[in-house]
Amino acid sequence: MNLAQRLSWGLLALSALGLPARAAAAALPDTPGSNALQARIARVEQGLSTPVAVKDSPHRRMALAERMAFHQVPAVSIAVIDHGRIAWARAYGVLDASGGRPATTTTLFQSGSISKPVSAIGALRLVDKGRLALDQPANRQLGAWQIPDNAFTRGQAVTLRMLLNHSAGLTVHGFSGYAAGQKTPTLLQVLDGTAPANSEPVRVDTVPGTAWRYSGGCYSVVQLLVTEASRLPFEDYMHDAVLAPLGMTRSTFAQTLPPAWRDAAATAHRGDGSAVPGRWHVHPEAAAGLWTTPTDLARLVVEVQQAQAGRSDKLLSRATASVMLTRVLGEYGLGFFVEQLGADSSFSHSGGTEGFRSRLYGYTRSGKGAVVMTNSANGAALIEEVLTSIATEYGWPEFAVVEKAAVAVDAAAYGKLAGNYRLLDQPAHVVAEGGRLYVQSPLFGARRLELFPESETAYFMTAEDMSIHFDVKDGGVASGFSLIRGAATYPGTRQQ
């Protein structure tokens with residue numbers, strides 16, 4: 001998954017508030033190994049770790065309740081998949097930081113961009129039925145609206161395969177949703193960026209099929225294709241074709257939740273711990289509109305695993321599932337991020353809306369996976385720590401803790417690096433205080449992150465495997481920096 005997509009939903013949000021964590025076990029059948037299962041769950045709950053540790057420094061595993069308090073996350077819900085079945089599910093914390101109602105495994109969360117792979121499965125079902133075609137021009141399959149042609153589409157038309165892969169050259173990265181009391185747009189208004197839509201028009205600005213670029217706009221076009229091909233409102237089609245067949249009874253694309261579901265839904269919280277006014281934003285887009293639970297999403301993960309292995313065709317044929325889980329451009333298949341890991345492979349997606357953060361992970365051959373959902377803009381960092389603990393307990397090939405060595409640096413040099421910067425069009429502040437160096441940005445959340453020196457100009461974080469390299473002028477004053485994650489580099493420019 002590329003950094004821009006991960007940071008766009010506040011990957012490293014870190015805040016602090018002491019909240020009790022209350023567990024509510026899912027109703028799972030007793031098994032001969034239930035005592036062993038409870039022991040495994042306890043080890044996951046007590047085994048959280050940051051993704052990066054400072055070498056030769058005390059490193060300890062931490063408790064989930066402790067980390068919820070540190071990150072200021074009121075509620076977290078978890079479902080774990082092992083050997084191709086849902087092994088267990090639990091929920092912790094409260095629906096609203098100001099109230100005492102405990103979260104349960106039936107508590108609903110907004111899934112954000114995890115809506116995309118679910119929507120992709122809906123579209124691919126229509127492909128299997130011959131009602132949509134992956135490689136025909138999308139405009140030949142659209143009626144009420146057409147992707148506007150321009151110089152970029154002259155030699156290459158947009159196709160459904162490109163749309164599902166984020167390689168159609170379409171604009172609009174994501175959607176911010178609509179606050180309580182705001183009028184919500186129709187799908188055609190979203191596509192054309194006309195009032196009351198608060199997003200730009202969905203348009204082609206790159207030759208289709210030539211580059212991967214994450215685009216919520218792609219999935220708005222998919223939404224229209226599915227609606228017209230199925231001749232049903234999108235939420236009705238998705239219920240009938242995807243959610244109901246899997247028994248996802250606590251999931252819906254409906255913009256307005258039924259009263260009973262609304263009462264059982266988690267309240268969204270911002271990075272400072274405050275509740276989002278009206279409890280959440282409304283998302284009419286297929287790219288972000290799914291309300292669900294980790295247990296329901298785990299059912300979908302298991303079904304994708306079964307389809308890819310040829311053991312189920314409840315939703316997709318084996319051939320279509322394999323196409324879905326094969327990279328096209330970028331690290332993406334048709335709806336999922338896909339990683340080849342030796343004999344196994346993973347499929348995953350993260351999601352974030354105003355005050356919600358979620359992550360879905362599945363492995364095709366080993367039948368392992370997990371879904372973690374939170375009701376805080378700070379939830380992504382906690383999710384990373386939870387997945388690290390699950391990965392350790394269940395022997396995943398990813399999420400191993402990385403150790404990095406810190407060196408001694410004259411703290412006086414920190415003052416020359418401190419200042420105000422701009423990163424991915426967001427403010428970033430580097431602060432020198434108490435002989436230490438920190439970075440803070442809305443991209444990372446409300447709390448500042450400590451930077452550990454690898455040299456006088458190179459620093460790493462522990463909350464995520466990323467580093468910052470400062471561009472230093474004569475006299476040691478930084479003119480900017482580069483944020484590095486894997487092979488990707490993102491420039492930060494110093495502001496006057």
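Look up a bit, the structure's there.
Here's what I pulled together on the structure shown here. (Residues numbered from 1 in each chain as written. Predicted model: local features only at pLDDT ≥ 70, side-chain atom pairs only at ≥ 80, totals over all residues. Heavy atoms only, no water.)

Considering helix α8 (residues 234-243)
What α8 keeps buried is the set F234, Y237, M238, A241, V242 and L243. The buried side chains of α8 occupy one side of the element, clustering within an arc of 155 degrees when seen end-on. For α8, the elements touching its buried residues are α4 (115-128), α7 (216-230) and α10 (294-308). (Buried < 20%, exposed > 50% of the residue type's maximum accessible area, 1.4 Å probe, protein only. Helix = DSSP H or I, 4+ residues; strand = E, 2+ residues; numbered from the N terminus. Arc of directions from axis to C-beta. Contact = heavy atoms within 4.5 Å.)

Overview of the nonpolar core
The biggest cluster of nonpolar side chains holds 90 residues, and the ones touching the most others in it are L163, L164 and V221. It is α7 that contributes the most residues to this core, 8 residues altogether. Residues in contact with V221, not counting those within four places in the same chain, are L142, W145, I147, L163, L170, L191 and V202. Core analysis: the next-biggest nonpolar cluster, separate from the first, contains 25 residues, L48, L382, I383 and A391 among them. (Core = buried A, V, L, I, M, F, W, Y, C linked by side-chain atoms within 4.5 Å.)

What to know about the side chain of R357
Along the polypeptide, R357 turns up in strand β9 (residues 356-363). For the buried R357, no salt bridge exists, and the shortest N-O distance to an oppositely charged side chain is 6.3 Å, to E354. Here T353 takes part through its backbone oxygen, which lies 2.7 Å from a polar atom of the side chain of R357. (Lys, Arg positive; Asp, Glu negative; His and termini not counted. Salt bridge = Lys/Arg side-chain N within 4 Å of Asp/Glu carboxyl O. Polar contact = N/O pair within 3.5 Å; in protein donor to acceptor, adjacent residues only side chain to side chain.)

As for the sheet that holds strand β15 (residues 449-453)
Within a sheet, neighbouring strands are paired by backbone hydrogen bonds and run either parallel or antiparallel to one another. If you walk around this closed barrel you meet the 8 strands as β12-β13-β14-β15-β16-β17-β18-β19, and the pairing is antiparallel. Sheet twist, expressed as the mean angle between neighbouring strand axes with direction ignored, is 30 degrees. As paired strands, strand β12 (residues 419-423) and strand β13 (residues 426-433) are joined by 5 bridges and run antiparallel to one another. Its bridge partner lying in β13, N420 is registered against H429. (Pairing = 2+ DSSP bridges. Axes fitted to C-alpha atoms, helices over the stretch in contact; angles between N-to-C directions.)

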